[in-house]
Amino acid sequence: MDYAATTPVDPKVLKVMLPYFSKKFGNTMSLHSFGREVKIAVEDAREYVANLMNAKPNEIIFTGSATESNNFALKGIAFANKDKGKHIIVSKIEHHCVLESAHWLEKNGFEVTYLPVDKYGLIDLAQLENAIRKDTILVSIMHANNEIGTIEPIKEIGKICRENEIYFHTDAAQTYGKISIDVKKMNIDLLTASSHKMYGPKGAACLFIREGVKIEPLLHGGGHEFGLRSSTLNVPAIVGFGEAAKICKKEMKKEEKKLTKLRDRLIKNVLKIENSHLNGHPKKRLPNNANFWFAFIEGESLIMQLDMKGIAASTGSACSTESLEPSHVLLAIGLKPWEAHGSLRLSLGRWSTKEEVDYVLEVLPEAVENLRKISPFKGRWK
Ligand SMILES: Cc1ncc(COP(=O)(O)O)c(C=O)c1O
């Protein structure tokens, strides 16, 4: 129930990867046959990854993670285009790696507008248009939110950016391989995708950079990846990423249908629990995401209760050693801190079954009830 955090490597992907650890171990930059053989495998992977978003292979830059891709997009665009302007727009519900990159850019002479979202987590297109200035160089708004699953109106955002000649980046870590993406039709200039969220291995991700976009590399060195990301390529992981994309291309539509059905079964029945609420949009949401808040309980305690019953889930609240910080996403959609603390994210994936969903539906109401009985919250915030 936590596929949004990471996914297992598909056995078919693993099989394709295995020879690249020791038998086909070459360096893609080597001119001899060991190098040439892995270079071909990487270029095949580039084609599969590009294909799943309707990009050209030479528009895909392999990176080590979605975090790296997002840092690359924001900082790379900022530094390459600072002569044009120093203003960037992001939403308030971006992943920390986008928000922290934006904060870092603020410390380095750039200005950032943080766009609010409505109670479902959707940005307002008119507000976006109003936020655009003469010196705006980049808009970065995620395709779907990793906590509440809300899918943003990417095509429309892209259109506004195109009309204003501003680069548009979207973090598609949670959507690539799950729902259809067409970078051309959606007017996307830069897109982040990640392998370990779609049944590929960790250690591989990419940044799609539309041909003609001006971007500064973050890693300088031997000139790998068209001179945009130096580092010896992680061939096994990239090969796995490519295979995962190939499989998603084939399975995505079917999987989307199956997961939507399971998700809706989960949502409908969880909401029968007294004082439970859905976070995120009821329809415009990821097929595999369900997120709730339950009054008078603490998400972390619920996670532990579920864990004891063999269910791996996640909460929106990030627990730090000194304080319990409620999720910035849940606060942005208008939840009060105590409401945000009672949140639970359940996310489904390729191997989720109706039996698993029904098991959660059996265990969850009792876990919530048990926690409410001992809740120090009850009555205090009524
Ligand atoms: C939307 C989104 N962006 C970025 C990331 C960062 O991914 P990684 O930690 O693999 O770099 C995640 C991972 O949870 C995510 O869900």
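Residues numbered from 1 in each chain as written. Predicted model: local features only at pLDDT ≥ 70, side-chain atom pairs only at ≥ 80, totals over all residues. Heavy atoms only, no water.

Moving on, we get to the overall build of the protein. Counting its secondary structure elements, the protein contains 12 helices and 12 strands. Taking 2.2 N^0.38 as the reference for a compact globule, 382 residues should give roughly 21 Å; the C-alpha atoms of the protein span a radius of gyration of 21 Å, in line with that estimate. Taken along the three principal axes of its C-alpha coordinates, the protein extends 70 × 50 × 40 Å. Residues classed as buried in the protein amount to 57% of the 382 residues present. Pairs at least 24 residues apart make up 73% of the contacts formed inside the protein by residues separated by at least 6 positions. Of the roughly 16900 Å² of accessible surface on the protein, 54% is carried by carbon and sulfur atoms. The centroid of the 53 positive side-chain charges in the protein is displaced by 4 Å from the centroid of its 46 negative side-chain charges. (Helix = DSSP H or I, 4+ residues; strand = E, 2+ residues; numbered from the N terminus. Rg over C-alpha atoms; globule rule 2.2 N^0.38 Å. Buried < 20%, exposed > 50% of the residue type's maximum accessible area, 1.4 Å probe, protein only. Contact = heavy atoms within 4.5 Å. Areas by Shrake-Rupley, 256 points an atom, 1.4 Å probe, with all protein chains shown as cover. Lys, Arg positive; Asp, Glu negative; His and termini not counted. Charge placed at Lys NZ, Arg CZ, Asp CG, Glu CD.)

Counting residues in each nonpolar core, the largest one holds 66 residues, and the members touching the most others are M53 and Y176. Beyond its immediate chain neighbours, meaning those up to four positions away, Y176 contacts Y48, V49, L52, M53, I181, A193, M198, F241 and A245. I267, I311, L348 and L371 belong to the second largest nonpolar core, which has 27 residues in total. (Core = buried A, V, L, I, M, F, W, Y, C linked by side-chain atoms within 4.5 Å.)

A few words now on the sheet that holds strand β9 (residues 289-294). Taken in spatial order, the 3 strands make up an open sheet running β8-β9-β12, and their pairing is antiparallel. Lying at the two open borders of the sheet, with one neighbouring strand each, are β8 (276-278) and β12 (343-347). On average, each strand axis in the sheet is tilted by 25 degrees relative to the strand beside it, whichever way the strands run. Sheet analysis places β9 next to β12, joined by 5 bridges and oriented antiparallel. Within β12, the residue paired with F292 across the bridge is L344. (Pairing = 2+ DSSP bridges. Axes fitted to C-alpha atoms, helices over the stretch in contact; angles between N-to-C directions.)

This part covers the state of the cysteines. For the structure on display, the rule yields 0 disulfides. Of all cysteine sulfurs, the one in C97 lies closest to C161, which takes part in no disulfide; the gap is 19 Å. Sulfur of C206: no disulfide; nearest cysteine sulfur belongs to C248 and is 13 Å away. Since its relative accessible area comes to 0%, C206 is described here as buried. (Disulfide = S-S within 2.5 Å.)

Attention now goes to the pattern of salt bridges. In this structure the tally under the stated criterion is 20 salt bridges. The salt bridge partner of K56 is E211, with a shortest N-O separation of 2.6 Å. Residue K56 is found in the loop between α3 (33-51) and β1 (60-63), and its partner E211 is found in the loop between β7 (205-209) and α8 (235-270); the two are separated by 155 residues along the sequence. K56 sits in the partly exposed class, given a relative accessible area of 35%. The partner of R350 in a salt bridge is E255, with the nearest N and O atoms 2.7 Å apart. Of this pair, R350 sits in the loop between β12 and α12 (354-373) while E255 sits in helix α8, and the two are 95 residues apart along the sequence. We note that R350, like E255, is buried. Salt bridges linked by common partners bring K39, E43, R46 and E225 together as one network. (Salt bridge = Lys/Arg side-chain N within 4 Å of Asp/Glu carboxyl O.)

With that settled, the discussion passes to the sheet that holds strand β6 (residues 190-194). Strand order across the open sheet formed by 7 strands is β1-β7-β6-β5-β4-β2-β3, with mixed pairing between neighbours. Unpaired on one side and paired on the other, β1 and β3 (111-115) mark the two borders of the sheet. Recorded for the sheet is a direction-independent mean angle of 20 degrees between the axes of neighbouring strands. Sheet topology places strand β2 (residues 87-91) next to β3; 5 bridges connect them, and they run parallel. Looking at β3, one finds that H87 is bridged to E111.

Turning to the site of the ligand, a few remarks are in order. T67, D171, Q174, H196 and K197 are the nearest of the 13 residues found near the ligand. In this structure, an oxygen atom belonging to the ligand sits 2.6 Å away from a side-chain N or O atom of T67. Note that an oxygen atom of the ligand is positioned 2.8 Å from one of the side-chain N or O atoms of Q174. Protein coverage of the free-state accessible area of the ligand, which is 400 Å², stands at 83%. When the residues that make up the shell around the ligand are grouped by side-chain class, the tally is 4 nonpolar, 7 polar and 2 charged. (Near = heavy atom within 4 Å. Polar contact = N/O pair within 3.5 Å; in protein donor to acceptor, adjacent residues only side chain to side chain. Nonpolar A, V, L, I, M, F, W, Y, C, P; charged D, E, K, R; others polar.)

Next up on the list: the pairing of β6. Burial within β6 is extensive, with 5 of its 5 residues counted as buried. On β6, burial covers both faces: L190, T192 and S194 on one face and L191 and A193 on the other are all buried. Across 3 bridges, the pairing between strand β5 (residues 167-171) and β6 is parallel. Bridged to D171 within β6 is T192. Relative to β7, β6 runs antiparallel, the two sharing 5 bridges. In the strand pairing of β7, L191 is matched with F208.

In this structure, K178 sits in the loop between β5 and β6. Of the side chains with opposite charge, E255 comes closest to the buried, unpaired K178, at an N-O distance of 8.5 Å. Only 3.3 Å separates the side chain of K178 from the backbone oxygen of K197, close enough to count as a polar contact. Discounting residues that sit within four places of it in the chain, K178 has contacts with A173, K197, M252, E256, P287 and N288.

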